[in-house]
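Each chain, letter by letter, is given below.
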Amino acid sequence: MMRKKWLNFTALAMASMLALPIAACGSNNEDDGGGINSQGELEGKLQIIAPEQGFGIQWLHNLKEGFEAKYPQVTVTIKSSTLLDKVHIYLTSPKANPYDLVFCETSQVFTYGEKEYTVAGYKHCYENIQDVYETIPEGSDKPIKEMLYDGVYDYFKTDDTTAYVMPYVASMFGLMYNTDLVKDSELPNTTDELTALCKQIESKNKNVSAFVWTKDADYFEQIFETLWAQYQGQEEWYSYFRSTDINVLKQTGRQRALEVISDWIDFKTGYADSDSPGLEFIPAQTRLMEGKAAFYPCGSWIENEMDEFFVSGTAPINFMRTPVISLIVETLEYRDGENYMSDAMLSAIIDAIDAGATSYAGVSENDFAHIYEARTTYYYENFIDSVVIPTFSDAKELAKAFLVYMYSDDGVKQYTKANSGGALPIYYEYTEDMIKDFSAMQKFRLGVQGNTKNYIFRPRHGSMMSVNFYSTKISPTLGGISDTLTPEGIIAKTFNYYNANAQQQWNLMVEKYQNK
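Residues numbered from 1 in each chain as written. Predicted model: local features only at pLDDT ≥ 70, side-chain atom pairs only at ≥ 80, totals over all residues. Heavy atoms only, no water.

Student: Help me out: how do you make sense of the overall build of the protein in this one?
Tutor: Per the secondary structure count, the protein includes 22 helices and 12 strands. When burial is assessed residue by residue, the protein has 56% of its 516 residues classed as buried. In the protein, of all internal contacts separated by at least 6 residues, the share reaching a separation of at least 24 is 74%. (Helix = DSSP H or I, 4+ residues; strand = E, 2+ residues; numbered from the N terminus. Buried < 20%, exposed > 50% of the residue type's maximum accessible area, 1.4 Å probe, protein only. Contact = heavy atoms within 4.5 Å.)

Shown next as structure tokens:
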């Protein structure tokens, strides 16, 4: 548990209050607003809006309960919607916004948050919350920015003195499996082993598919990026986003990852549920939980999202570690005569890594380090969700206090009680009492997220490639791999577009990147 050392938030709020305009702007209700009273206590009304999606909204109601108990003169109201657009509308027009905290989708925030704002006296749509990041919450001995997973603060900040956006959830993304169909002893270490298991599953029961997916999201993309980073190595994977050399588009790891996944989802191999092109989220996830499919790419919100049909923790599903791409042997120093390392040997090394080994007989230090990195890499899905304080909030002090409370020891406990599949993106020592009622899947997630710094995520700063540019659609339902466009064809098409048909566009992108 974190040690208790707390920077008094009232002092922070008082300092920020002195910097604000005297009048409360944009309020839709004369009774709205709040701040610090003459006794130096927080009081007033805090209004929050949030989307109610995969992680639900119970975690926010838990935080409201704890916050009101801590500050009895503050009343928190929460409005939620299952439609993101009904939340995001308050990001584009903060002058007409009655809310003091907007929990939302990160991509929408960055679209508006760092642009100049046109209202006199207000430079941006959202309040600078750098002071919140600098605050030490109760129960911690570090400011919030240092509690966060490595790289998270750097992602969300605008510069060293400015931050408008804060994350509020860390989700894990990967392959899930049905525990009735696949026993723990059968879980594959490598992609070749997973392919062999797919064949075995298909041969046992023609009514069960190895893979199912949804038409509503290309969740295989995150698996693709993980396999790509495993093969290429994380340093080179990140270089893809920053290199000005057009040949970076031909990174071998991209093609190898596509080759592996295309085998899994190609209907001709027989591993994929042929209904997947028409399945929405719930039906696809139901097929996994009912044992009609063995594997499904998704995030840690799935149990909460499906609790209407399966009580959380009762569905026979769990995360599996993403298998190491077998073709990684092409990148290793090891050779057996003229042959690459066998998949059996690669799997044995992975077993040793899982058991805590730091070396392996007959394997070089460089090779072991590459395999270790590949085995412990997971895709970090934290940046989907974030929270902002609109410029025209008339309860900024309350809003900032709520964010600090959320990252306090009591806030973490309140958040964890929701058991929604989400967690705050911080290194934290969860006690067994806090997670005793968690499902096996959620315990697995917390164990992985809390004990590795070996995660990948798409960089925001210093990145030349936009998400739309580098993103490769994989599922056949969404375009990409098909009879006419193979993995090799996808790589060639991307390269040829920029090399032959649009060299000027590439040069403009390079120039923009270099002038950042």
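Student: Would you explain the side chain of N318 in this entry?
Tutor: Relative to the helices and strands, N318 resides in strand 9 (residues 317-320). Exposure remark for N318: the relative accessible area of 12% places this residue in the buried category. Discounting chain neighbours no more than four positions away, the residues touching N318 are L175, M176, Y177, T179, A440, M441 and F444.

Student: Any chance you could explain the packing of aromatic side chains here in plain terms?
Tutor: Each aromatic ring pair is characterised by the separation of its centres together with the angle its planes make. Summed over the entire model, instances satisfying the criterion amount to 27 aromatic pairs. Measuring from centroid to centroid gives 6.2 Å for F173 and W301, while their planes differ by 55°, and the two rings are tilted. Here F173 is found in strand 6 (residues 172-178), whereas its partner W301 is found in the loop between strand 8 (293-299) and helix 13 (302-305), with 128 residues between them in sequence. What makes F173 buried here is its relative accessible area of 3%. Between W213 and F267, the aromatic rings sit 5.9 Å apart at their centres with planes inclined by 20°, giving stacked as the arrangement. Separated by 54 residues along the polypeptide, W213 in the loop between strand 7 (209-211) and helix 9 (220-232) and F267 in the loop between helix 11 (252-265) and helix 12 (281-289) bring together distant segments of the chain. In textbook terms, an aromatic cluster arises when at least three aromatic residues are bridged by ring pairs, as seen for F55, F173, Y219, F281, W301 and Y379. (Phe/Tyr/Trp six-rings, centres within 6.5 Å; stacked < 30°, edge-to-face > 60°.)

Student: I keep staring at the nonpolar core and nothing clicks. Help me out?
Tutor: A general feature of soluble globular proteins is that nonpolar side chains tend to end up buried together. Judged by nonpolar contacts, the single largest core of 152 residues is most densely connected at L101, F103, F295 and I302. Non-local contacts of I302, meaning those with residues more than four positions away in its chain, are made with M176, Q285, L288, M289, Y296, I317 and M441. (Core = buried A, V, L, I, M, F, W, Y, C linked by side-chain atoms within 4.5 Å.)

Student: So what exactly am I meant to see when it comes to the pattern of salt bridges here?
Tutor: Side chains carrying opposite charge are able to pair once their charged atoms draw close together. Going through the model one piece at a time under the given rule, you end up with 18 salt bridges. Here E259 and R256 are joined by a salt bridge, their closest N and O atoms 3.3 Å apart. Of this pair, E259 and R256 both sit in helix 11, three residues apart, which is roughly one turn of that helix. Linked through salt bridges whose partners overlap, the residues forming this network are E127, D131 and K400. (Salt bridge = Lys/Arg side-chain N within 4 Å of Asp/Glu carboxyl O.)

Student: When you look at helix 16 (residues 396-406) in this model, what are you seeing that I'm missing?
Tutor: One turn of the α-helix equals 3.6 residues, which is why residues spaced by three or four share an orientation. The buried count for helix 16 comes to 11 of 11 residues, which makes it a mostly enclosed element. Buried within helix 16 we find K396, E397, L398, A399, K400, A401, F402, L403, V404, Y405 and M406.

Student: Can you walk me through the environment of E41 in this structure?
Tutor: Turning to its location among the elements, E41 is positioned in the loop between strand 1 (33-36) and strand 2 (42-51). Separated by 32 residues in the primary sequence, E41 and Q73 place their C-alpha atoms 8.2 Å from one another. Excluding residues within four positions of it along the chain, E41 makes contact with G35, I36 and Q73.

Student: How should I be thinking about the environment of P167 in this particular structure?
Tutor: For P167, the location among the structural elements is in strand 5 (residues 166-167). Spatially, the C-alpha atoms of P167 and C104 are 9.7 Å apart, while their sequence positions differ by 63 residues.

Student: How should the confidence of the model for the protein be read in this particular structure?
Tutor: The predicted structure's coordinates, where accompanied by low pLDDT, should not be read in detail. Mean pLDDT over the protein: 82, with 80% of residues reaching 70 or higher. Taken element by element, the predicted model of the protein shows its lowest mean pLDDT in helix 20 (residues 467-470) (34) and its highest in helix 5 (residues 130-133) (98). Scored below 50 in pLDDT, residues 466-480 shows 52 contacts in the model against residues more than four places distant or in partner chains. (pLDDT = per-residue confidence, 0-100.)

Student: Is there a simple way to think about the pairing of strand 6 in this case?
Tutor: Most of strand 6 is tucked away: seven of the seven residues are buried. Two strands pair when backbone bridges link them, and strand 6 and strand 10 (residues 378-380) are joined in this way by two bridges, in the antiparallel orientation. Across the sheet, residue M172 finds its bridge partner in strand 10, namely Y380. Where strand 6 meets strand 8, five bridges bridge the pair, whose relative direction is antiparallel. (Pairing = 2+ DSSP bridges.)

Student: Sorry, what's going on with the side chain of T377 here?
Tutor: Along the chain, T377 falls in the loop between helix 15 (365-376) and strand 10. There is a polar contact of 2.6 Å between the side chain of T377 and the backbone oxygen of E373. Every residue in contact with T377, bar those within four places of it in the chain, is listed here: T226, Q234, N454 and I456. (Polar contact = N/O pair within 3.5 Å; in protein donor to acceptor, adjacent residues only side chain to side chain.)

Student: Where do I start with the environment of V109 in this structure?
Tutor: With respect to the helices and strands, the residue V109 is situated in helix 4 (residues 106-113). On a C-alpha basis, the gap between V109 and V165 in space is 7.5 Å, while along the polypeptide they are 56 residues apart. Leaving out residues up to four positions away in the same chain, V109 has contacts with L91, C104, Y126, V165, S386 and V388.

Student: It is not clear to me how the packing of helix 2 (residues 58-70) against helix 17 (residues 409-417) should be interpreted in this structure. Could you clarify?
Tutor: Each packed pair of helices is defined by two parameters, the angle between the axes and the distance between the axes. In contact at an axis separation of 7 Å, helix 2 and helix 17 are set at 145° when each is read in the N-to-C sense. Judged by the sense of rotation from one axis to the other, the crossing of helix 2 with helix 17 is right-handed. Side by side, helix 2 and helix 17 meet where W59, N62, L63 and G66 of the first sit next to D410, G411, Q414, Y415 and K417 of the second. Class assignment for the residues of the contact of helix 2 with helix 17 results in three nonpolar, four polar and two charged. (Axes fitted to C-alpha atoms, helices over the stretch in contact; angles between N-to-C directions. Left-handed = near helix turned anticlockwise from the far one by under 90°. Nonpolar A, V, L, I, M, F, W, Y, C, P; charged D, E, K, R; others polar.)

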